[in-house]
Structure formats: structure tokens, C-alpha cells
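Survey of secondary and tertiary structure
Each chain is listed here by its residues.
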Amino acid sequence: MARSALTMTAATFAATAALLLTACGGDGDESSPDDIKGAGTGAGNPSSSASTPGTADANRPDVSLPEDLKLVFDFQRPSDADQAAALEDAANYIRALDHGIAQQDPNDPAYQFYSTGGAEKYAKSQIEAWVKDGWTVTGDDRYFNASIDPVGEGKSVLVSFCRNQAKFYSKKVKTGKVNYTEENLDSYQKFSLLMSPSEASAAVWQARQIEVQGRVKECKG
């Protein structure tokens with residue numbers, strides 16, 4: 001299964017984020033404009049050596065993954081508590097997306113817990129595409145070079161990071177056959193997630209919008 005990347009210009013993403021924040025008084029919600037279209041197969045995969053799912057909220061969903069799937073988040077924890085929470089739950093969103101693929105469940109509660117608006121729609125469309133084509137995920141996936149920037153006057157932040165999916169592969173659910181691919185520029189992507197505190201719990205941050213850029217040379221270097 002060929003990898004694919006969701007692409008959107010920085011200007012479009014910034015405009016979408018601005019509209020979302022304006023409509024919601026600074027934090028955004030599911031009623032905001034959504035210009036993001038689901039891609040066919042490009043998804044994240046979870047199992048990290050850095051942050052792990054938070055335990056402060058006992059109601060956090062299971063985002064565990066199969067033993068043959070490993071996610072590495074090579075992030076430095078910010079000193080600011082809000083930024084640290086936003087970064088951790090951005091990673092949890094990626095974990096949750098892959099949990100849905102592994103479970104073959106487009107309605108998996110994990111990604112719904114960690115996202116809303118465009119980011120929730122993106123996750124669902126990704127999972128649906130993998131399930132429809134009979135694929136799941138396997139291998140190692142690495143995320144690194146994270147940055148966090150304030151957005152507007154509220155608590156929302158833009159979390160960005162690189163991805164190296166060179167050793168991340170698709171696998172047929174029925175046969176277990178792995179579709180191995182060679183490392184190339186398609187292996188390197190850049191994710192940008194608009195994160196803000198959940199309305200249900202200030203301890204949980206949700207992804208509200210997402211941009212995924214493919215073939216990012218700066219992430220390869």
C-alpha cells in the first residue's frame with residue numbers, strides 16, 4: 001500500500017485556524033470550517049519511547065498498539081506545563097489514530113477523545129481508508145524536532161514536528177503480508193496540529209486542525 005500525505009499550504013492552514021479560533025472565542029470546536037480532505041493511506045503509528053498516555057485523567061482511552069508496531073516520539077519536554085500537556089496529547093492523537101487502524105475501527109473512541117473538528121474528521125477518514133482496503137500498520141515510526149507556538153490570545157498552540165516513516169509499513173490484515181518500501185523523500189513528512197484544552201477536561205488537550213506536508217527536505221536533513 002503506497003504511503004500518501006495530506007498536503008495543504010501554510011497560508012490555507014493559518015486561515016483555517018484563524019477562522020476556527022474566531023468562531024469559538026479562541027479555542028475552536030467541531031462547528032468550525034474544515035478545509036481538510038482525507039488522504040488514502042498516510043497515517044501515523046504509535047508506541048513511544050518519550051511520552052506515554054497521561055494518567056491524570058482516569059477516563060483516558062486505551063491507545064495501546066500491537067507488538068509489531070512501535071512509535072518513537074523523540075521530543076524534549078517543555079518547561080511550560082501547558083505546552084508540555086499539548087505536546088503529549090498531540091502524540092496521543094497520533095497513537096489514537098494508529099490504535100483505530102490496528103483495531104480496524106473507524107469509530108474508535110480513542111481518536112475521538114483526543115480530537116475534534118477537522119482533526120477528528122481526518123483521523124476517521126484515514127482509518128476508514130485503511131480498513132476499506134484491508135490494511136493495517138506495522139514497523140517503526142519516528143517523530144522528532146517538535147516546536148510549539150502560541151496561536152491567538154487563548155491557550156491554543158500550534159504543535160509541529162517531523163516524521164520519518166521509512167520503516168513504517170502497511171500489512172494485509174487477512175494474509176499478514178507486509179508491503180516493504182525503500183526509504184526516499186516520501187518517508188519524510190511534517191505535521192502541524194492546532195491544539196487546545198478540551199471543553200470536557202482542562203487536563204486533556206485536543207487536536208482541532210491538522211496539516212500534513214509530504215516530501216519535506218528539512219525533516220530529512
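1. Some remarks on the overall build of the protein
- Along the backbone of the protein there are 5 helices and 7 strands.
- The order of α-helices and β-strands along the protein, N terminus first, is α-β-α-α-α-β-β-β-β-β-β-α.
- Within the protein, the proportion of its 221 residues that are buried is 52%.
- With an accessible surface of roughly 10,100 Å², the protein has 48% of that area assigned to carbon and sulfur atoms.

2. Notes on the state of the cysteines
- One pass over the structure, following the stated rule, counts 1 disulfide.
- The disulfide partner of C162 is C219, and the gap between their sulfur atoms is 2.1 Å. Note on the C162 and C219 pair: the S-S dihedral is about -75 degrees, so by sign convention the disulfide is left-handed. Taken together, the positions of C162 in strand β3 (residues 157-164) and C219 in helix α5 (residues 217-220) put the pair 57 residues apart, joining distant regions of the chain.
- Here C162 falls in the buried class, since its relative accessible area comes to 5%.

3. Side note on the nonpolar core
- Within the largest apolar cluster, 38 residues are counted, with the highest numbers of intra-cluster contacts made by Y93, V159, F161 and M195.
- Those elements that provide at least two residues to this core are β1 (69-74), α2 (81-103), α3 (109-113), α4 (117-132), β2 (135-150), β3, β6 (188-197) and β7 (205-214).
- Of the residues forming this core, the biggest block, 9 residues, is contributed by α2.
- Residues contacting M195, with those up to four places away along its chain left out, are A86, D89, A90, K155, S156, V157, V159, W205, Q206 and A207.
- F144, C162, Y188 and C219 belong to the second-largest nonpolar core, a separate cluster that totals 5 residues.

4. Some details on the pattern of salt bridges
- Here the structure, examined in full by the defined rule, presents 8 salt bridges.
- Among the ionic pairs, R60 bridges to D89, the shortest N-O distance being 2.9 Å. Of this pair, R60 sits in the loop between α1 (10-23) and β1 while D89 sits in helix α2, and the two are 29 residues apart along the sequence. With respect to class, R60 is no different from D89; both count as buried.
- A salt bridge links E218 to K190; the shortest N-O distance between them is 3.6 Å. Note that E218 is positioned in helix α5 and K190 in strand β6, a separation of 28 residues in sequence.
- Exposure remark for E218: the relative accessible area of 54% places this residue in the exposed category.
- Using a relative accessible area of 22% as the deciding quantity, one classes K190 as partly exposed.

5. Description of the pairing of β6
- With 9 of 10 residues buried, β6 lies mostly within the body of the structure.
- Bridge count between β3 and β6: 8 bridges; the pairing is antiparallel. Bridge pairing in β6 places N164 opposite Y188.
- Across 9 bridges, the pairing between β6 and β7 is antiparallel. If you follow L193 over to β7, its bridge partner there is I210.

6. Looking at the confidence of the model for the protein
- Scored by pLDDT, the protein has a mean of 81; 74% of the residues are at 70 or more.
- Across residues 1-55, where pLDDT falls below 50, the model places 167 contacts with residues more than four positions away in sequence or in other chains.

7. So, unusual backbone geometry
- The backbone phi angle of Q104 is positive, close to 55 degrees, even though this residue is not glycine.
- Relative to the helices and strands, Q104 resides in the loop between α2 and α3.
- One non-glycine residue, R215, adopts positive backbone phi at about 55 degrees.
- Along the chain, R215 falls in the loop between β7 and α5.

Cut-off values and rules
Residues numbered from 1 in each chain as written. Predicted model: local features only at pLDDT ≥ 70, side-chain atom pairs only at ≥ 80, totals over all residues. Heavy atoms only, no water. Helix = DSSP H or I, 4+ residues; strand = E, 2+ residues; numbered from the N terminus. Buried < 20%, exposed > 50% of the residue type's maximum accessible area, 1.4 Å probe, protein only. Areas by Shrake-Rupley, 256 points an atom, 1.4 Å probe, with all protein chains shown as cover. Disulfide = S-S within 2.5 Å. Core = buried A, V, L, I, M, F, W, Y, C linked by side-chain atoms within 4.5 Å. Contact = heavy atoms within 4.5 Å. Salt bridge = Lys/Arg side-chain N within 4 Å of Asp/Glu carboxyl O. Pairing = 2+ DSSP bridges. pLDDT = per-residue confidence, 0-100.

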